[in-house]
Amino acid sequence: MSRACELTGKAVLTGNNVSHANNKTRRRFLPNLVSVTLISEALNQNVRLRISANALRSVEHRGGLDAFLAKADVTELSQRARLLKKQIAKKTAEQAAVAA
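My aim in this report is to walk through the structure given alongside it, one point at a time.

## What to know about the pairing of strand 3 (residues 33–40)
Stage number 1. Across eight bridges, strand 3 lies against strand 4 (residues 45–52) in antiparallel orientation. For Ser35, the partnering residue across the bridge sits in strand 4 and is Arg50.
Stage number 2. Here strand 3 folds back onto strand 4, and the loop between the two strands holds four residues, one of which, Asn44, carries a positive phi near 60°.

## Digging into the pattern of salt bridges
Stage number 1. This structure, assessed with the given rule, holds one salt bridge.
Stage number 2. The salt bridge involving Glu6 is made with Arg80; its shortest N-O contact spans 3.5 Å. On the criterion of sequence distance, the pair formed by Glu6 in the segment before strand 1 (13–18) and Arg80 in helix 3 (residues 79–99) is long-range, its members being 74 residues apart.
Stage number 3. Looking at Arg80, the relative accessible area reads 45%, which means it is partly exposed.

## A short note on the side chain of Glu6
Stage number 1. For Glu6, a relative accessible area of 13% gives the class buried.
Stage number 2. A polar side-chain atom of Glu6 sits 3.5 Å from a polar atom in the side chain of Arg80.

## Digging into the side chain of Lys85
Stage number 1. Positionally, Lys85 belongs in helix 3.
Stage number 2. No salt bridge is formed by the buried Lys85, whose closest oppositely charged neighbour, Asp73, lies at an N-O distance of 6.8 Å.
Stage number 3. If we skip the residues at most four places from it in the chain, Lys85 touches Leu69, Ala70, Ala72, Val74 and Leu77.

Cut-off values and rules
Residues numbered from 1 in each chain as written. Predicted model: local features only at pLDDT ≥ 70, side-chain atom pairs only at ≥ 80, totals over all residues. Heavy atoms only, no water. Pairing = 2+ DSSP bridges. Helix = DSSP H or I, 4+ residues; strand = E, 2+ residues; numbered from the N terminus. Salt bridge = Lys/Arg side-chain N within 4 Å of Asp/Glu carboxyl O. Buried < 20%, exposed > 50% of the residue type's maximum accessible area, 1.4 Å probe, protein only. Polar contact = N/O pair within 3.5 Å; in protein donor to acceptor, adjacent residues only side chain to side chain. Lys, Arg positive; Asp, Glu negative; His and termini not counted. Contact = heavy atoms within 4.5 Å.

What is shown is where atoms sit, not what they do.
Shown next as structure tokens:
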């Protein structure tokens, strides 16, 4: 399992620890990943994802997983998230066709 957010693509960054004597040693900046269960209203099911805390705030701000994935860029999403995005788009299109 990679250390990358499944929704935003945020991953490990590298840099330097710099001491008072200006010695530089390599270090890693790890993203704040949390395992969460989000609810897809269109699919009517729970989805377990490993996302960053920042992405969780963005999902809540946009109004849920369905709204977030509708606006999300496909290049940043993981394979599972891309599949979810397609399923949600298909389901909402079906529901719109039935309602019309």
